[in-house]
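Below, each chain spelled out in residue letters.
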Amino acid sequence: SKKARTGDGGLSGKAAALERSPPAMSSGDEDLALGLRAMESSLCPVMAYYHGCDGDDSLRGWARDQIVRAMTSVGDVHSHGGRHGEAADWYVRARPYAEASWEARRGRLEGGAATLAVEDLRAQRRLVELDAAVCEAMLSCPRGEDIAVLDDDDEEED
């Protein structure tokens, strides 16, 4: 976060406090924050199913695809809100699931056992789009600022 400047030409008093305080949220921002929490919450049961499932591969594949879609959507909301580091983090988290989806499809195609289908192209496109989204999020960060995504357990250094 930004620190208040002091000394000649620096900020002091009320101006410094205003710079440190978060901007007031509009109703649209509140709606986005509520939608973001809902998307993040929707991931829990799908991820629990995906990681705990030993059975039907088609349902497990469906769950994997939903994880990619939800994580990408969460990243998109963060990007829209100007939190590009968090957006990049969500896109990177989605990548292993997108890669697994493409690998499963590609494995089905090897050896000529199956013909290329729309779902195969969709899986490959998702993987490429995630890479592009990571690059876009990184390039959207303000010049001279580092991207640092902290785990919930980590504490931010001042």
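Residues numbered from 1 in each chain as written. Predicted model: local features only at pLDDT ≥ 70, side-chain atom pairs only at ≥ 80, totals over all residues. Heavy atoms only, no water.

Looking only at helices and strands, one finds five helices and zero strands in the protein chain. Across the protein chain, helices and strands are ordered from the amino to the carboxyl terminus as α-α-α-α-α. Per-residue burial over the protein chain gives 25% buried out of 158 residues. Restricting to contacts in the protein chain with at least 6 residues of sequence separation, those with at least 24 account for 52%. (Helix = DSSP H or I, 4+ residues; strand = E, 2+ residues; numbered from the N terminus. Buried < 20%, exposed > 50% of the residue type's maximum accessible area, 1.4 Å probe, protein only. Contact = heavy atoms within 4.5 Å.)

What follows concerns the confidence of the model for the protein chain. A residue-level look at the protein chain finds 72% of positions with pLDDT of 70 or above and a mean pLDDT of 77. Confidence, expressed as mean pLDDT per element, reaches its minimum in the protein chain at helix α1 (residues 13-20) with 43 and its maximum at helix α5 (residues 118-139) with 91. pLDDT under 50 marks residues 1-23. Its contacts with residues more than four places away, or in other chains, come to 14 contacts. Counting interchain partners and residues more than four positions distant, the pLDDT-below-50 stretch residues 154-158 has four contacts. (pLDDT = per-residue confidence, 0-100.)

This next bit is on the nonpolar core. Counting 25 residues, the largest nonpolar core has L43, I67, M71, Y91, Y97 and L130 as its most contacted members. When residues of this core are traced back to their parent elements, those giving at least two are α2 (27-52), α3 (57-80), α4 (84-109) and α5. Ranked by the residues each element gives to this core, the list is headed by α4, at eight residues. Setting aside its immediate chain neighbours within four residues, Y97 contacts M47, Y50, H51, R64, I67, V68 and M71. (Core = buried A, V, L, I, M, F, W, Y, C linked by side-chain atoms within 4.5 Å.)

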